[in-house]
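Read off the chains here:
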Amino acid sequence: MTCERFEELLSAYLEGEISPADKLEMEAHLAACPACAGLLVLFREAHEALTSFAEVEPGPDLMAKLYAIPLKKRFFNFKPVFTFLVRPDLQPVMAALSVFFIAVSFVFFLPQGHDTRKAINRQLHLGYGQVEKLYAKAGSVTDELGSLKNTVVDSLKTLNPAKDQEEKR
Amino acid sequence: MELNTIVKECLEGRQGAWETLMDMYAKRIFSMAYQFCGSRQEAEDLTQEIFLKLYNSLAKFDFQRNFTAWLLTLTKNYLIDEYRRTRWEKTQRDEFDERILPQTSLAGPEESLDRRETRAVIWEGLNRLSSEMRMAVILRDLQGKSYEEMAGILGLPLGTVKSRVNRARLALAEVLKDKKGVLS
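As the structure is a prediction and not an experimental result, all values here were calculated from the model.

**Observations concerning the overall build of chain B**
Stage number 1. When you go through chain B residue by residue, the secondary structure sums to eight helices and zero strands.
Stage number 2. Just so you have it, chain B exposes about 9200 Å², and 48% of that area is on carbon and sulfur atoms.

**Topic: the side chain of R169 of chain B**
Stage number 1. Structurally, R169 of chain B can be placed in helix α8 (residues 158-183).
Stage number 2. For R169 of chain B, a relative accessible area of 1% translates into the label buried.
Stage number 3. Contact partners of R169 of chain B, with chain neighbours within four places excluded, come to S11, E15, F43 and H47 of chain A together with V137, R140, D141 and Y147 of chain B.

**What about the pattern of salt bridges?**
Stage number 1. This structure, assessed with the given rule, holds eight salt bridges over all chains.
Stage number 2. The salt bridge partner of E15 of chain A is R140 of chain B, with a shortest N-O separation of 3.2 Å. Of this pair, E15 of chain A sits in the loop between α2 (10-14) and α3 (20-32) while R140 of chain B sits in helix α6 (residues 131-142), which puts the two residues in different chains.
Stage number 3. Since its relative accessible area comes to 17%, R140 of chain B is described here as buried.

**Quick notes on the interface of chain A and chain B**
Stage number 1. Contacts between the two partners involve 31 residues from chain A, matched on the other side by 44 residues from chain B.
Stage number 2. Approximately 3600 Å² of surface area, both sides summed, lies buried where chain A meets chain B, with 64% of it carried by carbon and sulfur atoms.
Stage number 3. The salt bridge involving R169 of chain B is made with E15 of chain A; its shortest N-O contact spans 2.7 Å.
Stage number 4. Counting the contacts that link chain A with chain B gives 14 residue pairs in polar contact (both at pLDDT 80 or more).
Stage number 5. Residue assignment for the side of chain A that touches chain B shows that the elements contributing at least two residues are α1 (3-8), α2, α4 (34-52), α5 (60-67) and α6 (69-75) of chain A.
Stage number 6. Among the elements that take part in the side of chain A that touches chain B, α4 of chain A stands out by supplying ten residues, more than any other.
Stage number 7. Residue composition of the side of chain A that touches chain B, grouped by class: 17 nonpolar, five polar and nine charged.

**Let's talk about the packing of α3 of chain A against α4 of chain A**
All names here are of chain A.
Stage number 1. One way to put it is that α3 packs onto α4 with a least axis distance of 6 Å and a crossing angle of 110 degrees. What the angle tells us is that α3 and α4 run roughly perpendicular. Seen along the crossing, α3 lies across α4 with a hand that is left-handed. Touching H29, L30 and A32 of α3 are P34, C36, A37 and L40, all from α4.
Stage number 2. Here the contact of α3 with α4 is composed, by residue class, of six nonpolar, one polar and no charged.

**Observations concerning the side chain of T73 of chain B**
Residues and elements named next belong to chain B.
Stage number 1. With respect to the element layout, T73 can be found in helix α4 (residues 67-85).
Stage number 2. Its relative accessible area of 15% is what places T73 among the buried residues.
Stage number 3. Excluding anything up to four places from it in sequence, T73 contacts R65, G152 and I153.

About the thresholds
- Residues numbered from 1 in each chain as written.
- Chains lettered and ligands numbered in written order.
- Predicted model: local features only at pLDDT ≥ 70, side-chain atom pairs only at ≥ 80, totals over all residues.
- Heavy atoms only, no water.
- Helix = DSSP H or I, 4+ residues; strand = E, 2+ residues; numbered from the N terminus.
- Areas by Shrake-Rupley, 256 points an atom, 1.4 Å probe, with all protein chains shown as cover.
- Buried < 20%, exposed > 50% of the residue type's maximum accessible area, 1.4 Å probe, protein only.
- Contact = heavy atoms within 4.5 Å.
- Salt bridge = Lys/Arg side-chain N within 4 Å of Asp/Glu carboxyl O.
- Buried area = accessible area lost by both parts, 1.4 Å probe.
- Polar contact = N/O pair within 3.5 Å; in protein donor to acceptor, adjacent residues only side chain to side chain.
- Nonpolar A, V, L, I, M, F, W, Y, C, P; charged D, E, K, R; others polar.
- Axes fitted to C-alpha atoms, helices over the stretch in contact; angles between N-to-C directions.
- Parallel < 35°, antiparallel > 145°, perpendicular 65-115°, else oblique.
- Left-handed = near helix turned anticlockwise from the far one by under 90°.

So, to be careful, I would describe these as geometric facts and stop short of saying anything about function.
Pasting the structure below:
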């Protein structure tokens, strides 16, 4: 038996899962090879040390965190929203939005953007004025509709004179 | 209560089911993480992540399978992936801690000292193994799994598992030899 073969069979030898023929060969090799005999001692010591490590108790803090996993998931379940936002299809949209916001930040925070800010202000005021006009028009339309409604009601009343007379009595 | 029933109750959100599952598995998974990474703090973080992953994938569990083997496979995958992702930060294990030794195994004072040193060397030596070899030796010698169970958990042929465990033990024997050579 070679030293390499001896090494290959060490675990099986130690765990008693070796054929009787291999066992005899190993023992013959052990008697003739001091290096392999020394290796067997170390191998056995390493194995004993490994099997002596006991399981470790998790602390109460860790247990409390583990018990709380379902609660944590229930209250902070933002993952679907997050995964929706970071999906690859949305990458061009996100890139475009980033460029847009960078451009907007230049306009708002650089001194050179003064004219642009002024133009935006003017546009906003114009827009506001138009909205106000529309609102005023909408008010007058409501008044007109009100008076139209009254006219229609009066004319309907005149169409039914019998009922009118009864009401007068 | 049967394990599959507990898992089903967890899926239904039944009160107390998740806690029962944690009581059954927290110690085993925490120990495995600690033995693998060698740091208590890191093992706590890893254990939380593993159980969070379990909670998220519980709905995918096939009730025809063995739950323990499934959880151990999930744990193994997570630990190895995490090791590969941050391997450069994990060169140091916690100082060897007497708390991880059973107190009953101590014999005479001299022998106990020698054995304690051997254990400390082996504990440190686990870091010299590749993540795959370390996981194999942890499952076999520290978690006491059979080779057949290990083949299922690791998704490897039986022969490969046996040879991996043997190589890991040989590597640790070499570490011991180096250390003893330095001491003598």
